[in-house]
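# Understanding the architecture of this molecule
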Amino acid sequence: MMTLEKFEEASELVKKVTNPTKLIRSEYLSEQTGGKIYLKPENMQHTGAYKIRGAYYKISTMTDEERRRGLITASAGNHAQGVAFAAKKFGCKAVIVMPTVTPLIKVNRTKSYGAEVVLYGDVYDDSYAYACELAEKEGYTFVHPFNDLDVATGQGTIAMEIVQELPTVDYILVPVGGGGLISGVATLAKMLNPKIKVIGVEPSEAASMTAALHAEEVVELDSANTIADGTAVKAVGDKILPYVQENVDDILLVEDDELIGAFLDMVENHKMIVENSGLLSVAALKQLDLKGKKVVCVLSGGNMDVITMSSIVQHGLIQRDRIFSVSVLLPDKPGELVQVAKTIADEQGNVIKLEHNQFVSTNRNAAVELRITMEAFGTEHKNRILDALEKNGFRPKLISAKLY
């Protein structure tokens, strides 16, 4: 069972391996919601995520014999690094089975903590099955990513820190994947103050906890296809489900598009990199009436490769009309391009890219196509630019924007 005594023990133990992640008051999000919004930046941990808490506490509860046999787990990222880091602290061997498609940076980081990495399978489920086989064959001790009460207890230490720093907190919003984090945080939060509302947040395309709560038992989804890859879990843990049923007040769902906007907000307003799964709590804020409430959003991790980051930023700018593209047809004669450029410049639009296609029509004198990708301040500014182009006779047609 998860008990207050175990939570207190775990809270002291994890201090040996965690960075202090003091709450950050978000003026931007507070203005947006009318509440007092705070961020719990677990993306600033040594391994870039909260997972170190559960891994370290779990290993601390093992016998010397269990640790001597070596540890094994399956993970595509955060849990892998948490177990590898914790195992190194305890001086025991760690084997991590990761999908073959895991980005090289995550593989190398896991290896850097001294773990042996085995690449197997295309998805987590394949890696998990193989890790279980290896555990049976080699006698390794398995450390489950979420379906373990000691792991969940370690993750729940986040609630202890939140309540100690903000005793009058009204809401705690927590990302949900397999359920280890939300079960630990919610259980301890209710022990410390039953009035605290704990809200879980899942990606809409991987709502395995919502399905389990509706069915009152673990349900395996057909797929879990979401950009919030850290929470893309087809089935939650059966051991932690009862704790969620008892202590979590609600589960909210967030679309992938909303995570893109949240990423942009976090980069621009807080100068922080938070992975998509870690932003679920922030993206869900607008679904609640938080006026006058003290709210903590747990940012569960920040491990994101640069290519993904670049793609998210591009899509975010396009989504918010800060980058857009238009097509205009012009007579193929000197001076026409200058007139288009002047119209855009007069409205403070910034041209990023031009594509001039003389072959859109067999009659070049009648029309050539000019595709313009430009930067604006937002939807209102974009519409002013379009209106100016229309007024000057260029008849702009919106087209799909691409920066490459």
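Quick caveat: nothing in here was measured; it's all calculated off a predicted structure.

All right, on to the overall build of the protein then. Scanning the protein from N- to C-terminus turns up 17 helices and 14 strands. Sorting the 404 residues of the protein into buried and exposed places 54% on the buried side. Across the protein, contacts joining residues at least 24 apart in sequence account for 72% of those joining residues at least 6 apart. For the protein, the accessible area works out to roughly 18,400 Å², and carbon and sulfur atoms hold 49% of it. Computed over 43 positive and 53 negative side-chain charges, the separation of the two mean positions in the protein equals 5 Å.

The next point concerns the pairing of strand β11 (residues 323–330). Within β11, seven of the eight residues are buried, which leaves the element mostly enclosed by the surrounding structure. Bridge count between β11 and strand β13 (residues 368–375): eight bridges; the pairing is antiparallel. Looking at β13, one finds that L330 is bridged to V368. Across three bridges, β11 lies against strand β14 (residues 397–399) in antiparallel orientation. In the strand pairing of β14, V326 is matched with L398.

Within helix α11 (residues 208–215) the residues assigned to the buried category are S208, M209, T210 and A212. Contacts made by the buried residues of α11 are with α10 (180–192), β8 (197–203), α12 (241–247) and β9 (250–254). Of the residues one or two after α11, E216 is the one with positive phi, at around 65°.

This part is about the sheet that holds β13. Pairing within the open sheet is antiparallel, and its four strands lie in the order β12-β13-β11-β14. On the outer flanks of this sheet lie β12 (350–357) and β14, each paired with one strand and no other. Recorded for the sheet is a direction-independent mean angle of 30° between the axes of neighbouring strands. Along the sheet face, helix α17 (residues 379–391) touches β11, β13 and β14 and points at about 5° away from the line of β11.

Under the definition given, this model contains 18 salt bridges. Of the charged contacts in the structure, one is a salt bridge between R384 and E347, with a shortest N-O distance of 3.8 Å. Of the two residues, R384 sits in helix α17 while E347 sits in the loop between α16 (336–346) and β12, which places them 37 residues apart along the sequence. In this structure R384 comes out as partly exposed when scored by relative accessible area, which is 37%. Owing to a relative accessible area of 23%, E347 belongs among the partly exposed residues under this scheme. A single salt-bridge network, built from bridges that share partners, covers K40, E42, R53 and E161.

As recorded in UniProt, the feature "domain: Tryptophan synthase beta chain-like PALP" (unreviewed entry) lies at residues 18–301. Annotation note: span residues 18–301, helix share 43%, strand share 16%, distance between end C-alpha atoms 13 Å.

Once the domains are mapped, the protein shows domain 1 (4–49 + 148–315), domain 2 (51–142) and domain 3 (321–399). Each of domain 1 and domain 2 has a C-alpha centre, and the two are 23 Å apart. In this complex, domain 1 contributes 29 residues to the contact, which on the side of domain 2 involves 20 residues. Between domain 1 and domain 2, roughly 2,100 Å² of surface is buried when both sides are summed, and carbon and sulfur atoms account for 56% of that area. The largest contributions to the domain 1 side of the interface with domain 2 come from V17, T47 and N303, which together make up 29% of the buried area. At the junction of domain 1 with domain 2, the criterion picks out five salt bridges. Linking K106 and D229 is a salt bridge whose minimum nitrogen-to-oxygen distance equals 3.8 Å. For the pair domain 1 and domain 2, the number of links is eleven residue pairs in polar contact (both at pLDDT 80 or more). Among the secondary structure elements, those contributing two or more residues to the side of domain 1 that touches domain 2 are α1 (4–14), α8 (149–155) and α9 (157–165). Classifying every residue of the side of domain 1 that touches domain 2 by side-chain character gives seven nonpolar, ten polar and twelve charged.

Conventions and cut-offs
Residues numbered from 1 in each chain as written. Predicted model: local features only at pLDDT ≥ 70, side-chain atom pairs only at ≥ 80, totals over all residues. Heavy atoms only, no water. Helix = DSSP H or I, 4+ residues; strand = E, 2+ residues; numbered from the N terminus. Buried < 20%, exposed > 50% of the residue type's maximum accessible area, 1.4 Å probe, protein only. Contact = heavy atoms within 4.5 Å. Areas by Shrake-Rupley, 256 points an atom, 1.4 Å probe, with all protein chains shown as cover. Lys, Arg positive; Asp, Glu negative; His and termini not counted. Charge placed at Lys NZ, Arg CZ, Asp CG, Glu CD. Pairing = 2+ DSSP bridges. Axes fitted to C-alpha atoms, helices over the stretch in contact; angles between N-to-C directions. Salt bridge = Lys/Arg side-chain N within 4 Å of Asp/Glu carboxyl O. UniProt positions renumbered as here; feature names shortened; annotations may be inferred. Domains from an automatic or database assignment. Buried area = accessible area lost by both parts, 1.4 Å probe. Polar contact = N/O pair within 3.5 Å; in protein donor to acceptor, adjacent residues only side chain to side chain. Nonpolar A, V, L, I, M, F, W, Y, C, P; charged D, E, K, R; others polar.

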